[in-house]
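Here's the letter readout for the chains.
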Amino acid sequence: MRTHAKQVLGACAKFKVGHVRSAACASKVFERARQTWRTRGLRCTVRFDVVTTPKPPMKTLLIATLALAAAGVAHAQAYNADPTHTFVNFEVKHFATSTLRGRFDKKEGSVTVDRAAKTGKVDFTIDMASVSTGVAPLDTHLKSKDFFNAAEHPTAKFVGDKFVFDGAKVTSVTGTLTMLGKALPVTLTASNFNCYDNAMLKREVCGGDFETTLKRSDWGVSYGLTYGIPDNVRLLVQVEAVKQ
């Protein structure tokens, strides 16, 4: 039980004590006040009223705690990547002459974003055997041990949990890209980001265009470096994700 004590002092100034553990505690506080008044030559009539307030039941406290916890995560929203508007493309110079382009046709991912707290997480998986350049023999070579070794390492995975915002817009995502059994830090920078209400899906859709440049040798892909195939690969990710 918690006790609320109120002191009424007639001609003297009103003296209040907030919440104390018991009436006995209140009496000790008032006794100290009496001693102070006596030293000042004051004679005061002292009276205090005690009102006891029961502690809220444990169940009420538990419900309140859970409600507060739920409020803390209420702004975190989950989104799933729309495969018809999500693509992972790459570019690499061909002997410093033209640009070779390709993409991965199979991919899936999910995103959780809290725009109020400026936090988020993305989990994205790429099927490495789905690489497509429009040239079948080149696709076969890229799937081999010289490059992606898709038979032994069928997927690449990006997990990002460091989001940077400019207002409500995501400007970059930093995380880890695991490819060929090796995990290294990667930052994807947004050249565009937006959210809109999709009239057909009747849901919010968020996404944008992200890019980074990778050194393929960092993941152990060194084929052709000695005779002119560049190390740097430009990675471009177009993504739109539907709110769940």
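Residues numbered from 1 in each chain as written. Predicted model: local features only at pLDDT ≥ 70, side-chain atom pairs only at ≥ 80, totals over all residues. Heavy atoms only, no water.

Caption draft 1: Expanded view of the pattern of salt bridges. What the rule picks out here adds up to eight salt bridges. With a closest N to O distance of 3.2 Å, E91 and R234 form a salt bridge. Separated by 143 residues along the polypeptide, E91 in strand 5 (residues 87–94) and R234 in strand 14 (residues 232–243) bring together distant segments of the chain. A residue is classified by how much of its surface remains accessible, and E91, at 16% relative accessible area, is buried. Each of E91, R101, E211 and R234 takes part in a single network of salt bridges with overlapping partners. (Salt bridge = Lys/Arg side-chain N within 4 Å of Asp/Glu carboxyl O. Helix = DSSP H or I, 4+ residues; strand = E, 2+ residues; numbered from the N terminus. Buried < 20%, exposed > 50% of the residue type's maximum accessible area, 1.4 Å probe, protein only.)

Caption draft 2: Inspection of the nonpolar core at higher detail. F104, M128, F163 and F210 are the most contacted members of the largest nonpolar core, which totals 39 residues. At the level of secondary structure, the elements contributing two or more residues to this core comprise strand 5, strand 7 (107–114), strand 8 (119–127), strand 10 (155–166), strand 11 (169–179), strand 12 (182–198), strand 13 (203–215) and strand 14. Sort the elements by how many residues they give to this core and strand 14 lands first, with five residues. Excluding anything up to four places from it in sequence, F104 contacts V88, F90, I126, D127, M128, S130, V131 and F148. (Core = buried A, V, L, I, M, F, W, Y, C linked by side-chain atoms within 4.5 Å. Contact = heavy atoms within 4.5 Å.)

Caption draft 3: Representation of the pairing of strand 7. Two strands pair when backbone bridges link them, and strand 4 (residues 77–81) and strand 7 are joined in this way by four bridges, in the antiparallel orientation. Residue pairing for strand 7: A78 is matched across the bridge by T112. Across eight bridges, strand 7 lies against strand 8 in antiparallel orientation. Along strand 8, the bridge assignment pairs E108 with T125. Two successive antiparallel strands, strand 7 and strand 8, enclose a turn made up of four residues, where K118 displays a positive phi of approximately 60°. (Pairing = 2+ DSSP bridges.)

Caption draft 4: Summary view of the packing of aromatic side chains. On inspection of all chains with the given rule, the structure shows five aromatic pairs. Ring centres of F147 and Y223 lie 5.2 Å apart, and the angle between their planes is 65°; on these two criteria the pair is classed as edge-to-face. One end of the pair, F147, is in the loop between helix 3 (136–143) and strand 10; the other, Y223, is in the loop between strand 13 and strand 14, with 76 residues separating them in the sequence. Since its relative accessible area comes to 12%, F147 is described here as buried. Overall, the relative accessible area of 29% leaves Y223 in the partly exposed class. The rings of F90, F104 and F148 are connected pair by pair, giving a single aromatic cluster. (Phe/Tyr/Trp six-rings, centres within 6.5 Å; stacked < 30°, edge-to-face > 60°.)

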